[in-house]
Amino acid sequence: MNSLHAPQRPSGLPDTLRLPSRDDRISFLDRLALHAGVRLLLWSAQRTRLVDDRTRHSAAFRQQEEADERSRAYLRGVLLAHRL
């Protein structure tokens, strides 16, 4: 859509979505609380993901080791059963 054809708000009228009594600035305490909250959310999500990855990685590693051990045992049995 071309911005030249879009409906434009006349500059003389105030924005009806904003309350005239509200201040445009955000207080330092509010910004600090917002940053702390975002950091905590990111930290908790990362912590959960890393623990989950460790658990899945250890289970997959254990399964691979067990499969390799079964394969070696099978080949050992085959080689010992059929002496050349």
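The structure we're discussing is the one just above.
Remember, predicted model here, so these are calculated numbers, not experimental data.

Q: Before we move on, can you summarise the overall build of the protein chain with the specific residues and values?
A: Of the regular secondary structure elements, the protein chain holds one helix and zero strands. Taken over 84 residues, the protein chain has a buried fraction of 0%. As displayed, the protein chain offers around 8700 Å² of accessible surface, 61% of which is attributable to carbon and sulfur atoms.

Q: Help me get a handle on the pattern of salt bridges, residues and values and all.
A: Evaluated as defined, the whole model comprises one salt bridge. With its nearest N and O atoms 3.0 Å apart, the salt bridge here joins E69 to R72. With E69 and R72 both in helix α1 (residues 28–81) and three residues apart, this pair spans about one turn of that helix. By relative accessible area, R72 is classed as partly exposed at 42%.

Q: Can you break down a nonpolar patch on the surface residue by residue, with the values?
A: On the surface, F28, L29 and L32 cluster together into a nonpolar patch covering about 360 Å² of accessible area. On the secondary structure map, F28 appears in helix α1.

Conventions used here
- Residues numbered from 1 in each chain as written.
- Predicted model: local features only at pLDDT ≥ 70, side-chain atom pairs only at ≥ 80, totals over all residues.
- Heavy atoms only, no water.
- Helix = DSSP H or I, 4+ residues; strand = E, 2+ residues; numbered from the N terminus.
- Buried < 20%, exposed > 50% of the residue type's maximum accessible area, 1.4 Å probe, protein only.
- Areas by Shrake-Rupley, 256 points an atom, 1.4 Å probe, with all protein chains shown as cover.
- Salt bridge = Lys/Arg side-chain N within 4 Å of Asp/Glu carboxyl O.
- Patch = residues over 30% accessible without salt bridge, like charges linked within 9 Å, V, L, I, M, F, W, Y side chains within 5 Å.

By themselves, these are just geometric observations and shouldn't be taken as functional.
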